[in-house]
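Chain by chain, the residues:
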Amino acid sequence: MSVNRRIASGITASALVFAGLAVSAGPAFAGSGGQQIDFVDSLGVANTIRVNGYNQNGSYVSRCFATPVHENKEYGYWWAGTVNVIAYSGNDCQSTTVTAEGDAYVPTVQSGDWTVISDAGWPLGNQG
């Protein structure tokens, strides 16, 4: 076998080993830098919620989410630490009627990617 063929074989073997390691490593778990919020509308009156707090990178974020059903997984945003959640009866967090408001703690590290936050026990906002 020529030197060029040995080098090519070595490169191919190395690439296959690297590819195998990359596939077996799997995706990183987001549970190590923040969590996504799973909001439970136990009062049954929230159409949207505004979450105010810090993301996994330490940046302050304020985001409005639709909450059309009892349990609402809010994908795409990762939170860490204490967040303030305001529940609104209207769409787009624009309503003047706040149905509930409270603070919740989102752990920075946990085994899964989701933290359940419920409006149960929160003080009611202005109802009119």
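Residues numbered from 1 in each chain as written. Predicted model: local features only at pLDDT ≥ 70, side-chain atom pairs only at ≥ 80, totals over all residues. Heavy atoms only, no water.

Caption draft 1: Representation of the sheet that holds strand E3 (residues 60-66) within the structure. Overall, antiparallel pairing links the four strands, which are arranged E3-E2-E5-E6 in an open sheet. In this open sheet, the two edge strands, each paired with only one partner strand, are E3 and strand E6 (98-106). Across the sheet, the axes of successive neighbouring strands diverge by a mean angle of 15°, strand direction being ignored. Sheet topology note: the strand E2 (residues 48-54)/strand E5 (residues 81-88) ladder contains five bridges and is antiparallel. Bridging from a neighbouring strand, isoleucine 49 pairs with alanine 87 of E5. (Pairing = 2+ DSSP bridges. Helix = DSSP H or I, 4+ residues; strand = E, 2+ residues; numbered from the N terminus. Axes fitted to C-alpha atoms, helices over the stretch in contact; angles between N-to-C directions.)

Caption draft 2: Here's a closer look at the pairing of strand E1 (residues 35-40). In terms of residue burial, E1 counts as a mostly covered element, since six of its six residues are buried. Pairing of E1 with strand E4 (residues 71-79) involves five bridges; the strand directions are antiparallel. Within E4, the position partnered with phenylalanine 39 by the bridge is asparagine 72. Where E1 and strand E7 (residues 114-118) come together, five bridges link them in parallel fashion. Directly across from aspartate 38, in E7, lies its bridge partner valine 116. (Buried < 20%, exposed > 50% of the residue type's maximum accessible area, 1.4 Å probe, protein only.)

Caption draft 3: Spatial organisation of the state of the cysteines. As enumerated under the stated definition, the model contains one disulfide in all. One disulfide bridge connects cysteine 64 with cysteine 93, the sulfur atoms lying 2.2 Å from each other. In this structure the cystine formed by cysteine 64 and cysteine 93 twists about its S-S bond by roughly 95°; its chirality is therefore right-handed. Of this pair, cysteine 64 sits in strand E3 while cysteine 93 sits in the loop between E5 and E6, and the two are 29 residues apart along the sequence. When its relative accessible area of 18% is taken as the criterion, cysteine 64 is described as buried. By relative accessible area, cysteine 93 is classed as buried at 8%. (Disulfide = S-S within 2.5 Å.)

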